[in-house]
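Geometric and topological summary
Each chain, written out:
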Amino acid sequence: MAYSAENRAARLLERTRLVDGPNDLPYVIWRHRDARGDARVWDLAREHPEHDTDIPKLRAGQVATQIFTAFIPTAENDPLCARLEVIDVMLQMEQAWPEAFHPVLEPRDIARARKAGKIGLLKAVEGLVGVDNLAHLRLFHAMGIRLVTLCHNETLPFIDSATDVPGKQPLNEFGRAIIGEMERLGLIIDLAHVSPLSQHAVMDVATGPVIISHANAHALCPHPRNAPDDVMRRIADGGGMVMATFVPVFLSPEVYSAMRPAMDRFGKALPDMNRTAYQETKRSAFAHFGTRDGVQWLCDHLDHMKNLIGAEAIGIGSDLYGGPKPPGLEDASTFPRIFAELIRRKWKTRELEMLAGGNFERVWRALHRPDIRHSG
């Protein structure tokens with residue numbers, strides 16, 4: 001019996017473990033005008049048509065483990081306090097829906113979650129704004145954080161962002177100490193948002209693999225946040241991986257070009273632009289996807305990455321967070337569409353299994369420190 005690409009994709013995701021990351025839903029709940037950080041009020045168990053992530057969508061998307069992140073804007077007045085409150089949202093999610101979420105604190109928990117019929121919840125921190133002491137990393141680890149994105153859209157005192165003016169040096173002494181402590185704790189080092197020079201500087205001192213959790217190929221779309229080929233090659237040579245993302249301006253050079261009037265020279269939204277005008281520019285830019293939807297564009301980037309660094313060094317990092325996404329990749333239910341398209345592009349079964357989650361599990365096993373006490 002011949003199965004369609006869609007059926008084959010669904011069957012593959014039933015027998016493998018799809019790991020997606022990151023997802024900023026905890027921040028959305030923290031900022032929501034009604035929920036105000038109360039996950040039960042927001043209610044992940046019901047469908048949210050106006051947002052891209054909830055439990056029904058994650059199940060429809062056959063997500064085995066979701067990386068949820070405690071994102072905080074760099075300009076937040078009290079970033080450490082805000083960070084704790086967003087981490088608390090992730091803990092609430094585990095506690096309020098134990099039938100749906102399984103805490104993921106070590107690599108084996110990904111398989112345990114799937115065996116229990118639950119969605120693994122791996123907690124991350126995005127951007128170390130406000131962190132000026134290595135003790136903060138130890139506290140994050142004790143709270144169940146297992147992945148850390150070093151910066152966000154702005155340069156920090158210890159590391160440069162890809163979308164901001166660089167600092168005095170790509171990685172200073174404190175930055176090197178952060179890398180050392182993260183490796184001691186077994187935290188996954190994420191170079192998304194980091195400038196290429198700083199990415200290389202981190203890899204100069206890191207002794208194990210690193211990842212980029214959400215970026216596409218700069219060779220196909222020249223947004224500053226996308227990964228240059230030389231960076232991706234070095235990450236792969238070190239045993240790490242790059243996770244392709246859904247962000248529209250990282251996918252299509254035409255969409256990125258159409259958004260440029262609403263962006264600064266680093267590819268960030270203009271801070272003083274009228275919100276209505278910005279949304280209108282975005283709607284107009286999305287028309288540049290044309291007849292090729294986001295799935296096609298994403299798979300183009302995945303093809304490039306596979307040809308460049310091999311199927312054993314790539315993954316998917318949607319960066320879902322409630323904002324507009326490209327057609328075809330609107331929410332967390334759409335992952336099977338990606339695998340169906342790659343099947344049509346003649347990707348081998350083993351390559352699809354590595355892309356789905358096999359590579360992430362391999363990288364994390366190489367970094368995990370079972371001798372470090374964890375929460376739970």
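Residues numbered from 1 in each chain as written. Predicted model: local features only at pLDDT ≥ 70, side-chain atom pairs only at ≥ 80, totals over all residues. Heavy atoms only, no water.

What follows concerns the overall build of the protein chain. For the protein chain, the helix and strand inventory stands at 16 helices and nine strands. Taken over the C-alpha trace, the protein chain has a radius of gyration of 19 Å; the compact-globule value for 376 residues is 21 Å, and the two agree within 12%. The C-alpha extent of the protein chain, read off along each of the three principal axes, is 60 × 50 × 45 Å. Counting every position in the protein chain, which comprises 376 residues, the buried fraction comes to 59%. For the protein chain, contacts bridging at least 24 residues in sequence account for 71% of all contacts bridging at least 6. (Helix = DSSP H or I, 4+ residues; strand = E, 2+ residues; numbered from the N terminus. Rg over C-alpha atoms; globule rule 2.2 N^0.38 Å. Buried < 20%, exposed > 50% of the residue type's maximum accessible area, 1.4 Å probe, protein only. Contact = heavy atoms within 4.5 Å.)

A separate point is empty space enclosed by the protein. Considering all chains together, one arrives at two cavities of 30 Å³ or more under this definition. Taken as a whole, the largest cavity spans an internal volume of roughly 50 Å³. Lining of the largest cavity is provided by 10 residues; of these, His-141, Arg-146, Leu-185, His-368 and Arg-369 occupy positions nearest its centre. Counted by class, the lining of the largest cavity contains four nonpolar, four polar and two charged residues. In this model, the second largest cavity occupies a volume close to 40 Å³. In terms of lining residues, the second largest cavity is bounded by Ala-162, Leu-191, His-193, Val-194, Pro-196, Gln-199, Pro-224, Arg-225, Asn-226, Ala-227 and Pro-228. (1 Å grid on protein atoms, 1.4 Å probe; cavity = no way out; pocket = protein on both sides within 12 Å on 5 of 7 lines; lining within 4 Å. Points joined across faces, edges and corners; volume = space filled by probe spheres on them. Nonpolar A, V, L, I, M, F, W, Y, C, P; charged D, E, K, R; others polar.)

Two numbers describe how helix H14 (residues 294-309) lies on helix H15 (residues 335-344): the axes approach to 10 Å, and their chain directions differ by 60°. On the basis of the axis angle, H14 is oblique to H15. Along this stretch, H14 crosses H15, giving a crossing that reads as right-handed. The segment H14 lies against H15, with Val-295, Gln-296, Leu-298, Cys-299 and Leu-302 engaging Arg-337, Ile-338, Glu-341 and Leu-342. Looking at the contact of H14 with H15 residue by residue, the class counts come to six nonpolar, one polar and two charged. (Axes fitted to C-alpha atoms, helices over the stretch in contact; angles between N-to-C directions. Parallel < 35°, antiparallel > 145°, perpendicular 65-115°, else oblique. Left-handed = near helix turned anticlockwise from the far one by under 90°.)

Our next topic: the pattern of salt bridges. Counted by the stated rule, this structure contains 22 salt bridges. Two residues, Arg-345 and Asp-303, come together in a salt bridge whose shortest N-O distance is 2.7 Å. Residue Arg-345 is located in the loop between H15 and helix H16 (349-367), and its partner Asp-303 is located in helix H14; the two are separated by 42 residues in the primary sequence. Accessibility expressed as a relative area gives 22% for Arg-345, which makes it partly exposed. Between Arg-337 and Glu-330 there is a salt bridge; the shortest N-O distance is 3.2 Å. Here the salt bridges do not stand alone but share partners, grouping Glu-6, Arg-292, Asp-300, Asp-303, Glu-341, Arg-344 and Arg-345 into one network. (Salt bridge = Lys/Arg side-chain N within 4 Å of Asp/Glu carboxyl O.)

Turning to the nonpolar core, a few remarks are in order. By size, the foremost hydrophobic cluster in this structure holds 108 residues, and its most contacted members are Leu-44, Phe-101, Leu-128, Leu-150, Ile-338 and Phe-339. It is H14 that contributes the most residues to this core, seven residues altogether. With 15 residues, the next largest nonpolar core counts Leu-147, Met-243, Phe-360 and Trp-364 among its residues. (Core = buried A, V, L, I, M, F, W, Y, C linked by side-chain atoms within 4.5 Å.)

Here strand E8 (residues 241-244) shows no split at all, with Met-241 and Met-243 on one side and Val-242 and Ala-244 on the other all buried. Pairing analysis gives two bridges linking strand E7 (residues 211-212) to E8, with the strands arranged parallel. Within the sheet, the bridge partner assigned to Ile-211 lies in E8 and is Met-241. (Pairing = 2+ DSSP bridges.)

Moving on to the environment of Glu-6. For Glu-6, the position within the fold is in helix H1 (residues 5-15). Here Glu-6 falls in the partly exposed class, since its relative accessible area comes to 44%. Separated by 157 residues in the primary sequence, Glu-6 and Thr-163 place their C-alpha atoms 37 Å from one another. Contacts of Glu-6, omitting those with residues within four sequence positions, involve Ala-340 and Arg-344.

The next thing to look at is the packing of aromatic side chains. Counting across every chain of the model gives seven aromatic pairs. Between the aromatic rings of Phe-68 and Phe-101, the centroid separation amounts to 6.2 Å while the plane-to-plane angle is 85°, which identifies the pairing as edge-to-face. On the criterion of sequence distance, the pair formed by Phe-68 in strand E2 (residues 65-71) and Phe-101 in strand E3 (residues 101-103) is long-range, its members being 33 residues apart. Each member of the pair, Phe-68 as well as Phe-101, is classed as buried. Between the aromatic rings of Phe-246 and Phe-335, the centroid separation amounts to 5.6 Å while the plane-to-plane angle is 45°, which identifies the pairing as tilted. With Phe-246 in the loop between E8 and helix H11 (248-251) and Phe-335 in helix H15, the pair connects residues that are 89 residues apart, well separated along the chain. (Phe/Tyr/Trp six-rings, centres within 6.5 Å; stacked < 30°, edge-to-face > 60°.)

What follows covers the packing of helix H9 (residues 196-205) against helix H10 (residues 229-237). The axes of two packed helices give the description: the angle between them and the distance between them. At a closest axis distance of 10 Å, the pairing of H9 and H10 adopts a crossing angle of 20°. In terms of orientation, H9 and H10 fall into the roughly parallel class. At the point where H9 passes H10, the crossing takes the left-handed sense. Residue-level inspection shows Pro-196, Gln-199, His-200, Met-203 and Asp-204 of H9 in contact with H10, the latter providing Asp-230, Val-231, Arg-234 and Ile-235. Across the contact of H9 with H10, the residue classes break down as four nonpolar, two polar and three charged.

Along a regular strand, successive side chains alternate from one face of the sheet to the other. For E2, a buried count of seven out of seven residues is recorded, marking the element as mostly surrounded by other parts of the structure. In E2, alternate side chains face the same way, and those of Thr-65, Ile-67, Thr-69 and Phe-71 on one face and Gln-66, Phe-68 and Ala-70 on the other are all buried. Sheet topology places strand E1 (residues 19-23) next to E2; three bridges connect them, and they run parallel. Following the sheet pairing, Asn-23 is matched in E2 by Phe-68. Alignment of E2 against strand E4 (residues 119-126), held across seven bridges, turns out to be parallel.

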